[in-house]
Structure formats: C-alpha cells, structure tokens
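Residues per chain are reported as follows:
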Amino acid sequence: MASKSTPDLCDDYPELVRVLDPIFSNFGGRERFSGPLVTVKCFEDNSVVKELVGTPGEGRVLVVDAGGSMRRACLGDMLAEQASVNGWAGLVIYGCIRDVDEIMATDIGVQALGTHPMKTDKKGIGELGISVTFAGVTLSLGDYVYADNNGIIVSSQRLD
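Predicted model, so just to flag it, every value in this text is computed and none were measured.

Reading the values: rules and limits
Each chain carries its own residue numbering, running from 1 in the direction its sequence is written. Local features are withheld for residues below a pLDDT of 70 in this predicted model, meaning they are given only at 70 or higher, and side-chain atom pairs are given and counted only at 80 or more; totals for whole chains, interfaces and linings count all residues. To obtain the side-chain values, all non-hydrogen atoms of the structure were used and water was disregarded. Under the DSSP-based scheme used, a helix requires at least four consecutive residues in state H or I and a strand at least two consecutive residues in state E, with every element numbered from the N terminus. Our radius of gyration looks at C-alpha atoms and nothing else; its globule reference is 2.2 Å times the residue count to the power 0.38. Here's how the labels work: a residue is buried when its accessible area is under 20% of the maximum for its type, exposed when over 50%, partly exposed in between, all with a 1.4 Å probe on protein chains only. Contact between two residues is taken to exist if any of their heavy atoms lie within 4.5 Å; hydrogens are not considered. To measure how exposed things are, a 1.4 Å probe is used in the Shrake-Rupley method; for residues, cover is taken only from the protein chains shown. Note that His is not counted, nor are the chain ends; the positive residues are Lys and Arg, and the negative ones are Asp and Glu. Charge placement uses NZ in Lys and CZ in Arg. For Asp and Glu, CG and CD serve respectively. Each pair of aromatic rings taken from Phe, Tyr and Trp, with Trp reduced to its six-membered ring, is defined by centres within 6.5 Å and is described as stacked if the planes are under 30 degrees apart, edge-to-face if over 60, and tilted in the remaining cases. What counts as a salt bridge is simple: a side-chain nitrogen of Lys or Arg found within 4 Å of a carboxyl oxygen of Asp or Glu. Criterion for a disulfide: a pair of cysteine sulfur atoms at a distance within 2.5 Å.

Caption draft 1: Representation of the overall build of the protein in the model. What the protein contains, in helices and strands, is four helices and twelve strands. Relative to a compact globule of 160 residues, whose C-alpha radius of gyration would be 15 Å, the protein shows 14 Å and is just as compact. Oriented by its inertia axes, the alpha-carbon framework of the protein measures out at about 40 × 30 × 25 Å. Considering the protein as a whole, with its 160 residues, one finds that 49% of them fall into the buried category. Sequence-distant contacts, at least 24 apart, represent 74% of the contacts inside the protein between residues at least 6 apart. Approximately 7,300 Å² of the protein is accessible, and the part contributed by carbon and sulfur atoms is 49%. One way to put it: in the protein the 14 positive side-chain charges average out to a point 6 Å from where the 22 negative ones average out.

Caption draft 2: Structural detail: the side chain of Q111. Of note, Q111 is situated in strand β7 (residues 109–115). Judged by its relative accessible area of 2%, Q111 falls in the buried class. Contact partners of Q111, with chain neighbours within four places excluded, come to F24, S25, N26, F33, L91, V92, I93, A147, D148 and I152.

Caption draft 3: Inspection of unusual backbone geometry at higher detail. Positive phi values are uncommon outside glycine, yet E58 reaches one of about 50°. By secondary structure assignment, the location of E58 is in the loop between α2 (47–53) and β4 (61–65). For D99, which is not glycine, the phi torsion reads 60° and is therefore positive. Looking at the secondary structure, you find D99 in the loop between β6 (90–97) and α4 (100–104).

Caption draft 4: Here's a closer look at the packing of aromatic side chains. Across all of its chains, the model carries two aromatic pairs by this definition. Between F24 and F134, the aromatic rings sit 6.1 Å apart at their centres with planes inclined by 55°, giving tilted as the arrangement. With F24 in the loop between β1 (17–19) and β2 (25–26) and F134 in strand β9 (residues 132–134), this pair connects stretches of sequence that are 110 residues apart. An identical accessibility class is assigned to F24 and F134; each is buried.

Caption draft 5: Local environment of the pattern of salt bridges. All chains considered together, the criterion is met by seven salt bridges. A salt bridge links D12 to K4; the shortest N-O distance between them is 2.5 Å. Residue D12 is classed as partly exposed on the basis of its relative accessible area, which comes to 38%. Among the ionic pairs, R98 bridges to D99, the shortest N-O distance being 3.8 Å. By relative accessible area, D99 is classed as partly exposed at 27%.

Caption draft 6: Main features of the state of the cysteines. Tallied over the entire structure, the rule returns zero disulfides. With no disulfide of its own, C96 has C74 as its nearest cysteine by sulfur position, at a separation of 9.5 Å.

Caption draft 7: A look at the environment of N150. Within the element layout of this structure, N150 appears in the loop between β11 (144–148) and β12 (151–155). A sequence separation of 124 residues divides N150 from N26, and the C-alpha atoms of the two residues are 9.3 Å apart. Among all residues touching N150, those that are not within four sequence positions of it are S5, T6 and P7.

Spelled out as structure tokens, the structure:
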C-alpha cells in the first residue's frame, strides 16, 4: 500500500503521474490503496471480474472498464469479499457497485462512479489485460494505480 497520499505523489513526481478525472467515489473499507494494475473491459457483465477476484491478487489493483454504465452494478459484496480474501489491494470500477454498506466494512479498496442495486448479466463476455481509456487517462498493463480520498493517479513506474 502506498505510504504517501496522491497529492504528495503528484507533488513529488509531477512528470510521472497521470490523474484520472475526479468522477470516482471511495466505497471500500480501505481508504488508500495502490499496486500494479490488471485490466478488464466489460459492459453490464461481470463474469471476468468474478473469475479474477477468485485468483490470487498479490497486491494488485483490478481496473474495470465497465463502459461507465449507470444501469448495472459490476461489483457486489460477495465479489469484494472474495477479492479481499485473495489479496487484491483494490478495485477501480468505471461503472457502479452495489451492497455499499457491506463493501465499506470489507478490507478492500473500491473506487467507482456510483451505486446501483441491479446486478449485471452473466454472459461470459469481457476482455482481460488490454489497455483501457476512461476519465481522461489510458491505463495499460505495467502501470501502477494509487488511489485515496483525494483521487486516483496512474504511473508507468512504481512511485513509493
């Protein structure tokens, strides 16, 4: 986990960070999280997210490009708990989550656009490990994510 806040990292490494647009809210039990990222691109289908949180996270951050959907929740309490148990540092969801009270009580970082009570469909559709672009930033394998209540930043190298 990052020892410095995102403002401190921006001050110390302004040429190395890319800042995501301030459209995310912090919903997880961990207010600060960081790690190398793994990407998933999906739309109203969290099948690949479910598969990944069931694997060893090894301190990584799962970045989910859910297309900005405000019609379905891509993460709920059971998947958040599984991610926590399996050692994921956190999740950044460009979309919605549900079961907010339970997720806030779970030792996992979660940043998302908002909440929605409806779950996604399960069709097995999603792309893993590709570059994704949202919130004004492209995120790719090899990047590191740093997130806290101040925002989310990305760097192509480890900063702490």
